[in-house]
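Letter by letter, the chains look like this.
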Amino acid sequence: MEDSIKLGLEGIRKTILHGGSGEMPRFVTGTKVTFHFCTQLCNDERTVIDDSKKAGTPMEMVIGNMFKLDVWETLLTSMRIGEVAEFWCDVIHTGLYPIVAKSLRRIAEGKDPVDWHIHTCGMANMFAYHSLGYDDLDELQKEPQPLYFVMELLKVQRPNEYDRESWALNDEERLKAVPVLHGQGNKLFKQGRFEDATMKYKEAIVCIKNVQSKEKAWEAPWLKLEKMANTLTLNYCQCLFRMEEYYEVIEHTSDIINQHPGTMKAFYLRGKAHMEVWNEAEARADFMRVLDLDPRMKKSIKKELAVLKMRMELKNEEDRLRYKGMFTKISGVEDTPEIETAEREFPERSSPEEGTSAGTTQEQKDPDRASLEETSEEQTNLEQASLSQTKPSEMIVEQMTAQPAEDVTPEPTTIEQAILEETNLSHMILE
């Protein structure tokens, strides 16, 4: 072990544990470095906080990319390839380590390093740091202290020697990548590759959120980025809806609605998701909210409410038949007081009202146009459903694929187009 070396920056001491080889690399802006690191407390036990070798994956960082813990650039650019060195860093350089460590741990656990789906104002963000989700990091955040970083430099790649991923881009490059990722997501959606499309939308959202985190909340630049992120999040929800991830759709659209209660498309998608999981009151409230926000949606919302009514009637009938069979099996007879009560609560109808169903199977379209063209009108006979061998749930499938009546095909409205129209993010970025 050699004597400590001062790097010319206050609060840093370097000790070389194993010498590297070759010439000192040129660390120009955009150079990617691959390295292992071990973070230790400055106590007698040298308690290990994080160790990339134990996680099994080395760390990658791009020089000049404004990494939150910028002291690491200083440390790594003093090393040769293959070198192992120990750096003592004073508290002035380690204050942000708990936040950086949280992101690194989330990546190691297979989670998103950025909670992009959580929309909070600046004040809420401040309180969000009260807990990072890890006890040791919470303690370190409350009482910042000097740390040891043991670094091993594995690889140095010039900017033209590797393909840059979105995490390695600077802010300007991230904004340029957003419309490209958005277009790729739309193309994948049209091809029915919904899971692949979600990855493109997600990557674009993370790019926006990384840039947005450096802006002051609720000011004009922040709001422009927020609008872009919301558009992509709603496209992401369109994919989740097609993948039948209805509760996740409800979660993401609720996040948007809580911060931007005038977003009609969020209410519409959430209403559709509530309808799929039989939340009648919630679905009806969301559809009515869309109608309140713009009365020109009356025709479309009327059709959705009719579909909701039909689905709930069939669901109730299916439940009635299920309970009837259950009581019959228990009692051993067909007619019991319990059954009679159930029949009074769910009377059969000889002349059911006209309802609507979710029309023809929709072609794969751009997600911004996919959801408002799925309804049609036809009659449903509940008495026939209860007497036939066909289960009500099967009847729904049959009715959903039936030929729609010609006079009820929804005409595209201005608001439908406005809600679902693809946003030109390239134009927004250049504004």
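What you are looking at is a predicted structure, and each value in this text was computed from that prediction instead of being measured. (Residues numbered from 1 in each chain as written. Predicted model: local features only at pLDDT ≥ 70, side-chain atom pairs only at ≥ 80, totals over all residues. Heavy atoms only, no water.)

## Topic: unusual backbone geometry
Spelled out, the test is: Strands here mean DSSP runs of E at least two residues long; helices mean DSSP runs of H or I at least four residues long; both are numbered from the N terminus.
The phi dihedral of W218 falls on the positive side, at around 70°, and the residue is not glycine. Mapped onto the secondary structure, W218 falls in the loop between α8 (194–212) and α9 (220–242). With a phi angle near 65°, E244 is a residue other than glycine that sits in the positive phi range. Counting through the fold element by element, E244 comes out in the loop between α9 and α10 (246–259).

## Digging into the pairing of strand β7 (residues 147–157)
Within a regular strand, side chains alternate between the sheet's two faces. We apply this condition: Relative accessible area decides the class of each residue, using a 1.4 Å probe on protein chains only: under 20% of the type maximum gives buried, over 50% gives exposed, and in between gives partly exposed. Following DSSP output, two strands are said to pair if at least two bridges run between them.
Counting buried residues along β7, eight of its 11 residues qualify, which places the element largely inside the surrounding structure. Here 10 bridges tie strand β3 (residues 32–41) to β7, and the two strands are oriented antiparallel to one another. By the bridge assignment for β7, T39 is matched with F149. Relative to β7, strand β6 (residues 84–89) is paired through six bridges, and the arrangement is antiparallel. The residue of β7 that forms the bridge with W88 is Y148.

## Overview of the pattern of salt bridges
The following threshold applies: In the sections that follow, a salt bridge refers to a side-chain nitrogen of Lys or Arg positioned within 4 Å of a carboxyl oxygen of Asp or Glu.
In total, this model carries 21 salt bridges according to the counting rule given. K14 is paired through a salt bridge with E83; the nearest N and O atoms lie 2.9 Å apart. Of this pair, K14 sits in strand β2 (residues 12–18) while E83 sits in the loop between α2 (71–76) and β6, and the two are 69 residues apart along the sequence. This pair shows no difference in class: K14 is buried, exactly as E83 is. The shortest N-O distance in the salt bridge between K315 and D319 comes to 3.1 Å. Placement of the pair is K315 and D319 together in helix α13 (residues 298–331), with a separation of four residues, close to one helical turn.

## Topic: the nonpolar core
Here is the rule: Note on terminology: a nonpolar core comprises buried Ala, Val, Leu, Ile, Met, Phe, Trp, Tyr and Cys residues joined through side-chain atoms within 4.5 Å. Any two residues whose heavy atoms approach within 4.5 Å are treated as being in contact.
Grouped together as the largest cluster of nonpolar side chains are 45 residues, with contacts concentrated most on V178, Y201, I208, L232, F287 and I301. Elements that contribute at least two residues to this core include exactly α7 (171–190), α8, α9, α10, α11 (264–276), α12 (280–293) and α13. Per-element tally for this core: the top contributor is α9, with 10 residues. Discounting chain neighbours no more than four positions away, the residues touching I301 are Y268, F287, V290 and L291. Grouped together as the second largest cluster of nonpolar side chains are 32 residues, M61, C89, Y97 and L153 included.

## Considering the confidence of the model for the chain
Which entries qualify depends on this criterion: As a per-residue measure, pLDDT reflects the predictor's confidence and takes values from 0 up to 100.
Model confidence for the chain is summarised by a mean pLDDT of 76, while 68% of its residues fall at 70 or above. Taken as a whole, residues 116–129 scores under 50 in pLDDT and shows 25 contacts with residues more than four places along the chain or in a different chain. Considering only residues more than four positions removed or in separate chains, one finds that residues 369–431, a stretch of pLDDT under 50, has 137 contacts.

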